[in-house]
Structures are given as structure tokens and as C-alpha cells.
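# Residue-level structural notes
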Amino acid sequence: LLKNAGTKISLAQIYGLFYGCLAAPELVMPSIYHPLIFGEEGAEFESEEHAQTVLGGLMALWNILSQWDPEGEDFFFPDTKYKDTYGGLIERLKDGAGFIEYFVKGLDLGDAEDTDFTEDGNQALKHMAKNSVMMMSYAEVIEKDKDKNERAEEKETKNTEQLEDIMADCVARINISLKEARIRTLEERRMISTPPPSSNIKIQRNSPCPCGSGKKYKKCCGMEH
């Protein structure tokens, strides 16, 4: 369905993009991430039903991933069936590297700043970058030295699984490290949407401002009134 709609990236990359967007502090709307999935020219839907199915499926995936608890639940990844050959292993490694690439793009779309990360989160970002390079390098070595149609040996498959485990661990650590930034952004959004105090209520000039700014009323909303 995605291919028929003209998607420009793989399902693994879509997962990475969504994980990154959901970990980031700012809310990322579909209108922001759709161009990364379908290109600037937009999707090519065959019918209204096709559009509803594709966009509804993407939203359903977003909602599922948004419920993920990185502190206590297993990591979700596309249930792709790779061939037991070296060609399948190469595809698997490239999907992992693509996931990481778009995870970072998702963080950028959600305005994740360096100062938003904890020390462990910054370490996880560095480990993830190294992991991506290792995945691509390993894929290149296999592609150069192995017959793509030959059955992959257990050792190479286990090495790939270990790289995927490192990737999953980094995603969880980064998500956890940005939790406070997400909460802070949510609170700021609530403050902005808080209505001003009713003019019928008398507020003492030296009382805390009811808008939640932390300032005294006379130095905040009281100046406007």
C-alpha cells in the first residue's frame, strides 16, 4: 500500500522516523513528517479508500508506538521476513542503518536540542551513530565477500542480532533521557493555553500569578490588567 502511494522510504525508516518524533520534546504533526515519507510532491493515492487505508495505517502505527514504555516493554520493530541468505542479511543490516538515520531525522523534526539530553542520552546518541556505521560497514564486507544467494552462517546472523540489540537499547535510553524535556514542553503548552484570570476576582498584587509563570501577579498578568 505504501509503495503504491509513492512512498520514498522503507518501512524500517518509517518506524525510525516515528520513534524519533515521539521521543522528541515538540509534537510533530503529520503535515510535518508526511513529506519525508511521500516526498515534497505528496502521496499518489489511487482512490479515497486507498488514501484512508494508508493514512489510517500510518496513524495506527503512530498510536501503537506512542504507547511504548521504554522502561519496561520490549522494543517494536517491523516484522519483516528476511531470507536466510547473505542477501537477506545485507538487507537486514541496511534496514537497521536506515532506521537509525530516520530516527535522528525524527528527533530533529521534534526540535530536540543538545541541552535536552541527559548525559546517558548523549552517550546513547554516540553509540547509535557508531552502531549505524558498523551496520553499513558489515553489510559492505558481506556484499563484497559473500555470495548473496548462499545461506548465511549462524555467526554472521548473531552479529547482526547483536547490532540490532544495541540499536534498540539506544532508542530506549534516548527516549528516557528526553522524558523531562517532553514534560517541560507539555507544561509550557498548557501555560500558554491557560485563560487569563477573571476580572471579577480580586488578586493581591504580591500573590503568585495564577497563569503559572512563577512571578508575582503585579509583575506578570497584573501589568496587563
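Residues numbered from 1 in each chain as written. Predicted model: local features only at pLDDT ≥ 70, side-chain atom pairs only at ≥ 80, totals over all residues. Heavy atoms only, no water.

## Observations regarding the packing of aromatic side chains
Going by this rule: Note on aromatic contacts: the rings of Phe and Tyr and the six-membered ring of Trp form a pair at centre separations within 6.5 Å, being stacked when their planes are under 30 degrees apart, edge-to-face when over 60 apart, and tilted otherwise. Helix and strand assignments come from DSSP, with helices taken as H or I runs of at least 4 residues and strands as E runs of at least 2, each series counted from the N terminus. Each residue is placed in one exposure class: buried if its accessible area under a 1.4 Å probe, protein chains only, is under 20% of its type's maximum, exposed if it is over 50%, and partly exposed if it falls in between.
Applying the stated criterion to the full structure yields 12 aromatic pairs. A ring pair is formed by Y19 and W68, whose centres lie 5.3 Å apart and whose planes are at 85 degrees; its orientation type is edge-to-face. Taken together, the positions of Y19 in helix 1 (residues 11-23) and W68 in the loop between helix 3 (48-66) and helix 4 (86-109) put the pair 49 residues apart, joining distant regions of the chain. For the pair shown, Y19 and W68 are each scored as buried.

## With respect to the nonpolar core
Selection criterion: To define a nonpolar core, start from buried Ala, Val, Leu, Ile, Met, Phe, Trp, Tyr and Cys residues and group those joined through side-chain atoms within 4.5 Å. Contacts are assigned to residue pairs with any non-hydrogen atoms lying within 4.5 Å of each other.
Membership of the largest hydrophobic core comes to 46 residues, with the highest contact counts inside it found for F18, Y19, I37, F99, F103, L107 and I174. Of all the secondary structure elements, the ones that give two or more residues to this core are helix 1, helix 2 (30-38), helix 3, helix 4, helix 5 (119-145) and helix 6 (154-177). Here this core takes 10 residues from helix 4, the largest share from any one element. Among residues more than four places away in sequence, those in contact with F103 are G16, L17, Y19, G20, M128, V171 and I174.

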